[in-house]
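# Topology and contacts: notes
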Amino acid sequence: MPHRHIALVAGANHGIGAATARRLAADGCAVLLTFHAFDDPEAEEGSRRAHASDADDVVAAIRADGGTALAVAADLSDADVVPGLLDRAEAELGPVDVLVHNATASLLDTFRPQERDWAGRSQHGLTVESFDRQLAVDARAGAALIADFAVRLQGRGGTWGTASRRPRSSA
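We now examine the pattern of salt bridges. For the structure on display, the rule yields eight salt bridges. For the salt bridge of Asp27 with Arg23, the shortest nitrogen-to-oxygen distance reads 2.6 Å. Look at Asp27 and you get partly exposed, because its relative accessible area is 36%. For Arg23, a relative accessible area of 51% puts it in the exposed group.

Written out as structure tokens, the structure is:
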């Protein structure tokens, strides 16, 4: 049975991204999840495990519930990775019409030097390199995904918001 919608959820191996992917799948979307597994030795154990995980558990849960999902490793700080994500989703699932950019570089930098944050994690002073990485994942990758998504959607004749817009009565 074809899916009504195809979703790409960036940053979906744990937390909010994983919950979003599961909800979209439960609502009938086929979902491509991206993740970037990395070792975060300074994080507390739960966060460390979450950051190091792939999205296999999320995919397995979606499939166990009867949904369709696949996971793709993607370091979104690499600008060359972003264009291939929508290609992969379209090749394996169909044209994407739902995009969720939940990925973050998850850096523990601060403008105010302090040893620990509110959760007890080690803090580091902000550097040009860490700031560039944060913006590469959180902003540049999001903008690149949105731009590619918009061009593809418009090329298929898609529009935004037409289902919820109703003509106002003149009365």
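It is worth spelling out a nonpolar patch on the surface at this point. Taken together, Leu126, Phe131 and Leu135 make up a surface patch of nonpolar side chains, about 240 Å² in accessible area. Within the fold, Phe131 resides in helix α5 (residues 128-155).

Our next topic: the sheet that holds strand β4 (residues 98-101). With respect to topology, four strands assemble into an open sheet ordered β3-β2-β1-β4, the strand pairing being parallel. If you trace the sheet from one side to the other, it starts and ends with β3 (68-73) and β4, each paired once. Recorded for the sheet is a direction-independent mean angle of 15° between the axes of neighbouring strands. Sheet analysis places strand β1 (residues 5-10) next to strand β2 (residues 29-35), joined by five bridges and oriented parallel. Directly across from Val9, in β2, lies its bridge partner Leu33. Contacting β1 and β4, α5 runs over the sheet at an angle of about 170° to β4.

The subject of this paragraph is the layout of surface pockets. Estimates place the volume of the largest pocket at around 340 Å³. Lining the largest pocket are 21 residues, and of these Gly11, His14, Ala103, Thr104 and Ser106 sit closest to its centre. Breaking the lining of the largest pocket down by element, the ones donating at least two residues are α1 (15-26), β2 and α5. Classifying every residue of the lining of the largest pocket by side-chain character gives eight nonpolar, eleven polar and two charged.

Following the sequence through the fold, Val58 ends up in helix α3 (residues 56-64). Classification of Val58 by relative accessible area gives buried; the value is 7%. Along the backbone, Val58 and His14 are 44 residues apart, and their C-alpha atoms lie at a distance of 7.7 Å. Apart from residues no more than four positions distant in its own chain, Val58 is found in contact with Ala12, Asn13, Ala18, Ala21, Arg22 and Leu33.

Calculation notes
- Residues numbered from 1 in each chain as written.
- Predicted model: local features only at pLDDT ≥ 70, side-chain atom pairs only at ≥ 80, totals over all residues.
- Heavy atoms only, no water.
- Salt bridge = Lys/Arg side-chain N within 4 Å of Asp/Glu carboxyl O.
- Buried < 20%, exposed > 50% of the residue type's maximum accessible area, 1.4 Å probe, protein only.
- Patch = residues over 30% accessible without salt bridge, like charges linked within 9 Å, V, L, I, M, F, W, Y side chains within 5 Å.
- Areas by Shrake-Rupley, 256 points an atom, 1.4 Å probe, with all protein chains shown as cover.
- Helix = DSSP H or I, 4+ residues; strand = E, 2+ residues; numbered from the N terminus.
- Pairing = 2+ DSSP bridges.
- Axes fitted to C-alpha atoms, helices over the stretch in contact; angles between N-to-C directions.
- Contact = heavy atoms within 4.5 Å.
- 1 Å grid on protein atoms, 1.4 Å probe; cavity = no way out; pocket = protein on both sides within 12 Å on 5 of 7 lines; lining within 4 Å.
- Points joined across faces, edges and corners; volume = space filled by probe spheres on them.
- Nonpolar A, V, L, I, M, F, W, Y, C, P; charged D, E, K, R; others polar.

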